Amino acid sequence: MAVHVVDHPLVRHKLGILREAGLSTSGFRNLALEISRLLTYEATKDLVTEPKTIKGWAGDVEVEMIKGKKITVVPILRAGLGMMDGVLDMVPGARVSVVGFYRDEETLQPVEYYVKLARNIDERIALILDPMLATGGTLLATIELLKKAGCTNIKGLFLVAAPEGIEKVVTAHPDVDIYTASIDEKLNEAGYILPGLGDAGDKIFGTK
Ligand code: URA
């Protein structure tokens with residue numbers, strides 16, 4: 001497992017604006033998509049290409065195309081949907097596998113309420129999308145669900161991550177790669193990341 005902080009000046013700049021309390025819903029949405037594109041660029045760096053001969057304007061040209069494994073993006077409902085189109089801009093052929101969890105009030109454990117996985121998911125690279133890696137509970141449940149479905153190549157893309165959540169995932173699933181624009185300071189008592197972004201779902205959907 002590796003934790004990749006995508007420390008590009010464009011990412012730092014866009015994340016800086018994203019943290020502003022007065023940012024509009026459309027501003028938040030657009031920046032979340034832009035950062036998601038840049039995270040995807042990093043998360044797909046190890047894709048293997050193969051040579052292919054195509055007909056170019058002046059005759060045959062040898063080009064490179066991505067080889068083998070296909071991708072599924074896995075947005076976690078609902079906030080993960082706010083990253084999805086940014087990722088699909090970069091990998092338009094990817095299939096979408098959607099997962100949704102609610103928190104059981106007694107056990108505090110995530111419980112599945114919606115799962116629709118792409119066909120042949122066991123042959124695909126899975127890119128899990130969630131703007132916030134906070135406690136890591138939902139992420140662990142998603143990884144377990146994907147592994148049960150046969151996935152062997154899983155990566156998670158997050159706008160912001162908390163050290164506590166990263167630690168949990170590193171310990172339980174050392175084979176899963178994490179890509180984030182920032183590792184923030186800590187979680188507060190309510191499980192929000194500090195300094196964080198606030199409630200990313202509410203900001204993306206304009207529900208606050
Ligand atoms: N979910 C959010 O939307 N924000 C946080 O800070 C933590 C979890």
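Predicted, not measured: the structure shown is a model, and the values here were computed from it.

Conventions adopted
Starting from 1, residues in each chain are numbered consecutively following that chain's sequence as written. The model is predicted, so local features are restricted to residues of pLDDT at least 70 and side-chain atom pairs to those at 80 or more, both for listing and for counting; the totals for chains, interfaces and linings are taken over all residues. Side-chain measures here rest on the full set of heavy atoms in the structure, leaving out hydrogens and waters. Salt bridges, as used here, are contacts in which a Lys or Arg side-chain nitrogen is within 4 Å of a carboxyl oxygen on Asp or Glu. By definition, any uninterrupted DSSP run of H or I lasting at least four residues is a helix, any uninterrupted run of E lasting at least two residues is a strand, and each is numbered from the N terminus. Buried, partly exposed and exposed residues are distinguished by accessible area as a fraction of the type maximum, computed with a 1.4 Å probe on protein chains only: under 20%, between the cut-offs, and over 50%, respectively. UniProt positions are given in the numbering used here, feature names are shortened, and annotations may be inferred rather than shown by experiment. Pairs of residues are marked as contacts when any of their non-hydrogen atoms sit within 4.5 Å. Angles run from 0 to 180 degrees between N-to-C directions of axes, and those axes are lines fitted to C-alpha atoms, restricted for helices to the stretch in contact. Each angle receives one of four descriptions, namely roughly parallel if under 35 degrees, roughly antiparallel if over 145, roughly perpendicular if within 65 to 115, and oblique otherwise. Note on convention: near helix rotated counterclockwise from far helix by under a right angle means a left-handed crossing. Clockwise means right-handed. For this classification, the nonpolar set comprises Ala, Val, Leu, Ile, Met, Phe, Trp, Tyr, Cys and Pro, the charged set comprises Asp, Glu, Lys and Arg, and every other residue, Gly included, is treated as polar.

Novice: For the pattern of salt bridges, give the residues involved together with the corresponding values.
Specialist: Throughout the structure, instances matching the rule amount to nine salt bridges. Residue Lys-14 is joined to Glu-34 by a salt bridge in which the shortest nitrogen-to-oxygen separation is 2.5 Å. Here Lys-14 is found in helix α1 (residues 9-18), whereas its partner Glu-34 is found in helix α2 (residues 25-43), with 20 residues between them in sequence. Accessibility expressed as a relative area gives 27% for Glu-34, which makes it partly exposed. Ionic pairing is found between Lys-147 and Asp-175, a salt bridge with its closest N-O pair at 2.9 Å. Remark: Asp-175 occurs in the loop between α5 (163-172) and β12 (177-180) and Lys-147 occurs in helix α4 (residues 137-148); sequence separation between them is 28 residues. According to the relative accessible area criterion, Lys-147 is partly exposed, its value standing at 30%. Relative accessible area serves as the criterion here: at 40%, Asp-175 is assigned to the partly exposed category.

Novice: So what's going on with unusual backbone geometry? Residues and values would help.
Specialist: Omega for the bond connecting Leu-77 with Arg-78 falls within 30 degrees of zero, at -10°, which places this linkage in the cis form. Within the fold, Arg-78 resides in the loop between β4 (70-75) and α3 (81-90). Here the residue pair Leu-194 and Pro-195 is connected by a cis peptide bond, since its omega of -5° sits within 30 degrees of zero. Structurally, the position occupied by Pro-195 is in the loop between β14 (193-194) and α6 (200-205).

Novice: Can you explain the UniProt feature "binding site: 5-phospho-alpha-D-ribose 1-diphosphate" (unreviewed entry) in the protein chain? Please cite residues and give values.
Specialist: In the UniProt entry, the feature "binding site: 5-phospho-alpha-D-ribose 1-diphosphate" (unreviewed entry) is given for Arg-78, Arg-103, Asp-130, Pro-131, Met-132, Leu-133, Ala-134, Thr-135, Gly-136, Gly-137, Thr-138 and Asp-199. Along the chain, Leu-133 falls in strand β9 (residues 132-133). When its relative accessible area of 2% is taken as the criterion, Leu-133 is described as buried. Discounting chain neighbours no more than four positions away, the residues touching Leu-133 are Leu-139, Phe-158, Val-160, Ala-161, Ala-162, Gly-165, Ile-166, Val-169, Ile-178 and Ile-193.

Novice: Pulling in residues and values, what's your account of the packing of α2 against α3?
Specialist: Interhelical geometry of α2 versus α3 gives an angle of 45° and a closest axis separation of 7 Å. Taken together, α2 and α3 sit at an angle that is classed as oblique. The handedness of the crossing between α2 and α3 comes out as right-handed. Residues Ala-32, Leu-33, Ser-36, Arg-37, Leu-39 and Thr-40 of α2 form the contact with α3, whose own contacting residues are Gly-82, Met-83, Asp-85, Gly-86, Val-87, Asp-89 and Met-90. Residues belonging to the contact of α2 with α3 are distributed by class as follows: six nonpolar, four polar and three charged.

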